[in-house]
Amino acid sequence: MSDKLILLKRLSPIEYEVHRGRVNQDKNLIITTRDKDFAERLVYGHNDRLR
């Protein structure tokens, strides 16, 4: 499995989910937050370290 993080925006209510490797609600969900900036920093920061 890839260690890359994926950011998913859910609507109604607006929430941001961070998944590991691929979007899979049961197995790969790491966090759910309403803080878009936090979610983006987490995903982009982690994925930049993998390069």
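All figures in this text were calculated on a predicted structure; none of them were measured in a lab.

## Structural notes on the pattern of salt bridges
Alright, step 1. The tally for this structure, following the rule as stated, stands at five salt bridges.
Alright, step 2. With its nearest N and O atoms 3.9 Å apart, the salt bridge here joins Arg-34 to Glu-15. Highlighted residues: Arg-34 in the loop between β3 (29-33) and α1 (36-50) and Glu-15 in strand β2 (residues 15-20), separated in sequence by 19 residues.
Alright, step 3. Of the charged contacts, one joins Asp-48 and Arg-51 as a salt bridge, the two residues approaching to 3.7 Å between their closest N and O atoms.

## What to know about the environment of Leu-50
Alright, step 1. Inspection of the secondary structure puts Leu-50 in helix α1.
Alright, step 2. Taking the C-alpha atoms as reference points, Leu-50 and Lys-4, separated by 46 residues in sequence, lie 7.5 Å from one another.
Alright, step 3. Excluding residues that lie within four positions of it along the chain, Leu-50 makes contacts with Asp-3 and Lys-4.

## Some words on α1
Alright, step 1. With 15 residues, α1 extends 22 Å between its outermost C-alpha atoms, agreeing within 8% with the 21 Å of an ideal straight helix rising 1.5 Å per residue.
Alright, step 2. When we look at burial in α1, the residues that qualify are Ala-39, Val-43, His-46 and Asn-47. Angularly, the buried residues of α1 cover 95° about the axis, an arc narrow enough to put them on a single face. Turned more than 90 degrees off the buried face of α1, the exposed positions are Arg-41 and Arg-49.
Alright, step 3. Considering only its buried residues, α1 is in contact with β1 (5-10), β2 and β3.
Alright, step 4. Looking at where α1 begins, the residue whose side-chain oxygen comes 3.2 Å from the main-chain nitrogen of Asp-37 is Asp-35.

Rules and cut-offs
- Residues numbered from 1 in each chain as written.
- Predicted model: local features only at pLDDT ≥ 70, side-chain atom pairs only at ≥ 80, totals over all residues.
- Heavy atoms only, no water.
- Salt bridge = Lys/Arg side-chain N within 4 Å of Asp/Glu carboxyl O.
- Helix = DSSP H or I, 4+ residues; strand = E, 2+ residues; numbered from the N terminus.
- Contact = heavy atoms within 4.5 Å.
- Expected span 1.5 Å × (residues − 1).
- Buried < 20%, exposed > 50% of the residue type's maximum accessible area, 1.4 Å probe, protein only.
- Arc of directions from axis to C-beta.
- Polar contact = N/O pair within 3.5 Å; in protein donor to acceptor, adjacent residues only side chain to side chain.

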